[in-house]
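Chain by chain, the residues run as shown.
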2 protein chains.
Amino acid sequence: MSIKRKTKSLNAILSVFEQREEALSVVDLVDEFKDDMNKTTVYRILERLENEGVIHSFTGSKGLMWYAKCQTCTTHHHHDVHPHFECKDCGKVECLELEIEIPQINNRHIDSASIMLQGQCADCIKK
Amino acid sequence: MSIKRKTKSLNAILSVFEQREEALSVVDLVDEFKDDMNKTTVYRILERLENEGVIHSFTGSKGLMWYAKCQTCTTHHHHDVHPHFECKDCGKVECLELEIEIPQINNRHIDSASIMLQGQCADCIKK
DNA sequence: AAATTAACGCAACTTAGTTGCAAAAATAAT
DNA sequence: ATTATTTTTGCAACTAAGTTGCGTTAATTT
């Protein structure tokens, strides 16, 4: 399934991702647009945008769904497995443009990785 | 909260972890013991065992809770951030006794990491 | 054996995410 | 420009994971 029509709901969500660098949890997005659109719509628009390669999803530390704008993931496949960072203080989640070496181990065949780093962001260290 | 009494429910769950090396999702454990104990009991026993440093929890790729026996995590704090591995074919999840180098980046202060590797396990490669 | 305390069961609840279907809106066709 | 077609949306209902409160049971302690 791909994007056939650029509706105003889709553009509203899209502009949120364009305006900020951080990742967004679906829960926060549903809340942010609760007066403008149904939560089902939010879920479906995010799904479409991911299929188009505009954003990518990942699972946060508490098991919630998060989405972030794609920078390096140019194709529809998002096979760049970049790590994500979560600030323990302010809750902000960001993509890290960083290659983490994933060693091949034992007899296994590892083809992807979800890496979630936790700590303090630059802003919260100062405080 | 710690373990005050070693009841038969607790011993039943404990023996599952002792008998196998793989991690277990809470969902699977609740199902496995559905005739023997309430799901609330399963959740609470797992919580107690984690506080005692017997097992440790992590979030799986689909956002579910998983638990595994502690090998290297000797204290109550589990600060060894070893990666976990999930087989895409058979669904098995395992701890990897492997140190992954987490680089300090930018101005951030990274103190922990959740690393989930995906691929094929040794058994599933053979098939 | 009685009292204390920890563990358990149950039911009800919360929250995230999904599904089916009818209505609305956007695009295409006549 | 109306009509027909297709996509998108809203709504309500649902599933599934995990939590909470409270009364009861069971294990220790005295």
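What comes next is a walk through the structure.

Each value, and the rule that gives it
Residues numbered from 1 in each chain as written. Chains lettered and ligands numbered in written order. Predicted model: local features only at pLDDT ≥ 70, side-chain atom pairs only at ≥ 80, totals over all residues. Heavy atoms only, no water. Contact = heavy atoms within 4.5 Å. Buried area = accessible area lost by both parts, 1.4 Å probe. Polar contact = N/O pair within 3.5 Å; in protein donor to acceptor, adjacent residues only side chain to side chain. Helix = DSSP H or I, 4+ residues; strand = E, 2+ residues; numbered from the N terminus. Nonpolar A, V, L, I, M, F, W, Y, C, P; charged D, E, K, R; others polar. Axes fitted to C-alpha atoms, helices over the stretch in contact; angles between N-to-C directions. Parallel < 35°, antiparallel > 145°, perpendicular 65-115°, else oblique. Left-handed = near helix turned anticlockwise from the far one by under 90°. Near = heavy atom within 4 Å. Core = buried A, V, L, I, M, F, W, Y, C linked by side-chain atoms within 4.5 Å. Buried < 20%, exposed > 50% of the residue type's maximum accessible area, 1.4 Å probe, protein only. Least-squares fit on C-alpha atoms with pLDDT ≥ 70 in both.

Attention now moves to the interface of chain A and chain B. Taken together, the 30 residues of chain A in the interface contact 30 residues of chain B. Between chain A and chain B, the buried area comes to about 2,400 Å², and carbon and sulfur atoms account for 56% of it. On the chain A side of the interface with chain B, the three residues burying the most area are A:Arg108, A:Ser114 and A:Gln118, jointly 21% of the side's total. Where chain A meets chain B, there are 16 residue pairs in polar contact (both at pLDDT 80 or more). For the side of chain A that touches chain B, the secondary structure elements donating two or more residues are strand S6 (109-120) and helix H4 (122-126) of chain A. With 12 residues, S6(A) is the single largest residue contributor to the side of chain A that touches chain B. Along the lines of polarity and charge, the residues of the side of chain A that touches chain B split into 15 nonpolar, 11 polar and 4 charged.

Our focus in this paragraph is the packing of helix H1 (residues 8-19) of chain A against helix H3 (residues 39-51) of chain A. All names here are of chain A. As a packed pair, H1 and H3 sit with axes 10 Å apart at the nearest point and diverge in direction by 65°. On the basis of their axis angle, the class for H1 and H3 is roughly perpendicular. Of the two possible hands of crossing, H1 and H3 adopt the one that is right-handed. Counted together, Ser9, Leu10, Ile13, Leu14 and Phe17 of H1 and Thr41, Val42, Ile45, Leu46, Arg48 and Leu49 of H3 form the full contact between these two elements. Across the contact of H1 with H3, the residue classes tally to 8 nonpolar, 2 polar and 1 charged.

Around DNA strand D, a shell composed of 20 residues is seen, among which A:Thr7, A:Thr41, A:Arg44, A:Arg48 and B:Lys39 lie nearest. A share of 56% is what sugar and phosphate atoms reach among the atoms of DNA strand D within 4 Å of the protein. Interatomic distance of 2.4 Å between a side-chain N/O atom of A:Thr41 and a phosphate oxygen of DNA strand D. By residue number, the principal contributor to the surface near DNA strand D is H3(A), which donates 5 residues. Grouping the constituent residues of the surface near DNA strand D by class yields 6 nonpolar, 6 polar and 8 charged.

Counting 22 residues, the largest nonpolar core has A:Phe85, A:Ile115, A:Leu117, B:Phe85, B:Ile115 and B:Leu117 as the members making the most contacts within it. Looking at this core, the elements that each hand over two or more residues are strand S4 (84-87) and S6 of chain A together with strand S4 (84-87) and strand S6 (109-120) of chain B. Ignoring sequence-local partners within four residues, the contact set of B:Leu117 consists of A:Ile102, A:Ile105, A:Ile110, A:Ser112, A:Ala113, B:His84, B:Phe85, B:Glu86 and B:Leu96. Judged by nonpolar contacts, the second largest core, of 18 residues, contains A:Val16, A:Leu46, A:Leu49 and A:Ile55.

Screw-axis analysis of chain A against chain B gives a translation of 0.0 Å along the axis, an RMSD of 0.1 Å, and a rotation angle of 180°. In symmetry terms, the pair is related by a two-fold rotation axis. Taking C-alpha positions as reference, the residue of chain A nearest the rotation axis is A:Gly63, located at 1.9 Å.

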